[in-house]
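Fold and geometry: a report
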Amino acid sequence: MEQKIVANYEAAKELYARHGIDVDAVLTKLAEVKISMHCWQGDDVRGFLNKDQALTGGISVTGNYPGAASTPEELRSDLEKAFSLIPGKHKLNLHAIYADTDEKVELDKIEPKHFQKWVDWAKAQGLGLDFNPTCFSHEKSSDGFTLSHPDPAIREFWIDHCKASRRIGAYFGEQLGQTCVTNVWIPDGFKDVPADRLTPRKRLKDALDQVFEEELNPAHNLDAVESKLFGIGSEAYVVGSHEFYMGYGIQNNKLVCLDAGHFHPTEVISNKLSAMSLFTDGILLHVSRPMRWDSDHVVTMDDELIDIGRELVRGDLLDITHIGLDFFDGSINRVAAWVIGTRNTIKALMRAMLDPIEALRQAELEGDYTTRLALTEEFKSYPFGAVWDYYCAKNGVPVREEWLAEVKTYENEVLLKRGQVQIGAN
């Protein structure tokens, strides 16, 4: 490790120690946090089961930067490159359409065997796996409804798909020794104002009861449900609203997923974390960056990301929160998008751990809001960057923007050889 990195780290440690902050202990705690990196950034949410199917469900990926993965092998290669540039050992979040099989199989018939290559790869990489049923980009979801569909036969298809997905998640957890979070999100909703909001929600509630009927070992699989405020084609009404899933999750002991892009553009999820933690045993968090709407931009070090990190750390919620990423940007290098978003998420947690939390709490308790504000502001310029550089170097990954050179090399040697595609505007 470079002497300058170590010297800067030691100087930073001394500054933080003046406020009772043990930086070495912070980095030990940070190393225990696993971020679930989403596979779908690597290929623009196409998957491999129905790769010729148009992307539907209110999901849109913009840009045609060259090098998108088109096979499981290419996607795993890209993921390995990204993980090699991110400090720590983490997880991969898979969607059902990413099955790696030569067998022609429908979504309601998928089994663990169709994902065995992913399991073998995850074992070799030392990674955990999370999972999601894919309730979009399918002929049986073409009218915008799945688990709440008025046609019992179509509804049964999606129920069976979600049941099969839970079993696959449990298999992942059993094989890898890391609990798999299987998250249910559906696109169901109306473009214009519906005449009946209640009946689709009754159908959804009944369908979910059937999906979760089978008891699975919680050490292997945890179930989650994910809401959305609106989407393309469901601007007026979404069946699975936040209120619906919050009620369902709390009543049925399921994780409630809070996605940073699934609420009103001026609404934040950081303020929801402490409230939710009082009524549930766990939270699933999807870190994204909405811009104008749920446009799933690459996660940056913005105020909301910093506040999410602070809420998780100050509320001691890391042990009950499962952190995943959810964005897709086809206008830039897709491997770089993973690296930027994941490193920022980890860095935000580290910054929160380096805050003078006890001093801030004590000042607040005593009504000394002057000290609270002064410390909060001064710590914004404390040398957390020196701590981050040391953490990266200690974990054998590039320091600061040095990772970008590796991505550019990988682009020239691997991604560009997948086909010459004209780079388009976002």
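The protein has the name L-rhamnose isomerase in an unreviewed UniProt entry, where Paenibacillus albus is given as its organism. Looking at the protein in UniProt, the text filed under Function (unreviewed entry) is "Catalyzes the interconversion of L-rhamnose and L-rhamnulose." Regarding the protein, the relevant UniProt record gives this comment under Sequence similarities (unreviewed entry): "Belongs to the rhamnose isomerase family."

The next point concerns the packing of helix H1 (residues 3-17) against helix H13 (residues 384-394). The interhelical angle for the contact between H1 and H13, taken along N-to-C directions, is 130°, at an axis separation of 8 Å. Classified by the interaxial angle, the pair formed by H1 and H13 is oblique. H13 is crossed by H1, and the crossing has left-handed handedness. Only Phe384, Ala386, Val387, Asp389, Tyr390 and Ala393 of H13 make contact with H1, whose side of the interface consists of Ile5, Asn8, Tyr9, Ala12 and Tyr16. Classifying every residue of the contact of H1 with H13 by side-chain character gives nine nonpolar, one polar and one charged.

With that settled, consider the packing of aromatic side chains. For the structure shown, the criterion picks out 17 aromatic pairs. Measuring from ring centre to ring centre gives 5.1 Å for Phe115 and Phe131, while their planes differ by 85°; the resulting arrangement is edge-to-face. Of this pair, Phe115 sits in the loop between strand E2 (91-95) and helix H4 (116-125) while Phe131 sits in strand E3 (residues 128-132), and the two are 16 residues apart along the sequence. For the pair Phe115 and Phe131, one class covers both residues: buried. An angle of 90° between the planes, with centres 5.4 Å apart, marks the rings of Phe131 and Phe172 as edge-to-face. Note that Phe131 is positioned in strand E3 and Phe172 in helix H5 (residues 152-176), a separation of 41 residues in sequence. With relative accessibility at 0%, the residue Phe172 sits in the buried group.

What follows covers the pattern of salt bridges. According to the stated counting rule, one finds 25 salt bridges in the structure shown. Among the salt bridges present, the one from Arg418 reaches Asp78, with a minimum N-O distance of 2.8 Å. Of this pair, Arg418 sits in the segment after helix H14 (402-413) while Asp78 sits in helix H3 (residues 72-83), and the two are 340 residues apart along the sequence. Given the relative accessible area of 23%, Arg418 is considered partly exposed. Ionic pairing is found between Lys113 and Glu103, a salt bridge with its closest N-O pair at 3.9 Å. One end of the pair, Lys113, is in the loop between E2 and H4; the other, Glu103, is in the loop between E2 and H4, and 10 residues separate them in sequence.

In this numbering, the UniProt entry assigns the feature "binding site: Mn(2+)" (unreviewed entry) to His262, Asp294 and Asp296. Considering the C-alpha atoms alone, the annotated residues occupy 35 residues of sequence yet fold into one spot, their largest mutual distance being 9.5 Å. For His262, the position within the fold is in the loop between strand E8 (255-259) and helix H8 (270-277). We classify His262 as buried; its relative accessible area is 6%. For His262, the residues in contact, after removing those within four places along its chain, are Trp185, Glu226, Ser227, Lys228, Leu229 and Asp294. A polar atom in the side chain of His262 sits 3.3 Å from the side chain of Glu226. Relative to the elements of secondary structure, Asp294 occurs in strand E11 (residues 293-297). Note on Asp294: relative accessible area 6%, which makes it buried.

Here we come to the domain arrangement of the protein. Under the domain assignment, the protein is made up of domain 1 (1-32 + 355-419) and domain 2 (39-350). The interface is formed by 28 residues belonging to domain 1 together with 30 residues belonging to domain 2. The three residues of domain 1 that bury the most area against domain 2 are Trp388, Trp403 and Arg418, which together make up 27% of that side's buried surface. Seen at the junction of domain 1 and domain 2, the total is five salt bridges. Asp355 is paired through a salt bridge with Arg310; the nearest N and O atoms lie 3.3 Å apart. Linking domain 1 to domain 2 there are 12 residue pairs in polar contact (both at pLDDT 80 or more). Mapped onto the side of domain 1 that touches domain 2, the elements with two or more residues apiece are helix H2 (23-30), helix H11 (357-365), H13 and H14. Top contributing element to the side of domain 1 that touches domain 2 by residue count: H14, with six residues.

Thresholds, definitions, all that
- Residues numbered from 1 in each chain as written.
- Predicted model: local features only at pLDDT ≥ 70, side-chain atom pairs only at ≥ 80, totals over all residues.
- Heavy atoms only, no water.
- UniProt positions renumbered as here; feature names shortened; annotations may be inferred.
- Axes fitted to C-alpha atoms, helices over the stretch in contact; angles between N-to-C directions.
- Helix = DSSP H or I, 4+ residues; strand = E, 2+ residues; numbered from the N terminus.
- Parallel < 35°, antiparallel > 145°, perpendicular 65-115°, else oblique.
- Left-handed = near helix turned anticlockwise from the far one by under 90°.
- Contact = heavy atoms within 4.5 Å.
- Nonpolar A, V, L, I, M, F, W, Y, C, P; charged D, E, K, R; others polar.
- Phe/Tyr/Trp six-rings, centres within 6.5 Å; stacked < 30°, edge-to-face > 60°.
- Buried < 20%, exposed > 50% of the residue type's maximum accessible area, 1.4 Å probe, protein only.
- Salt bridge = Lys/Arg side-chain N within 4 Å of Asp/Glu carboxyl O.
- Polar contact = N/O pair within 3.5 Å; in protein donor to acceptor, adjacent residues only side chain to side chain.
- Domains from an automatic or database assignment.
- Buried area = accessible area lost by both parts, 1.4 Å probe.

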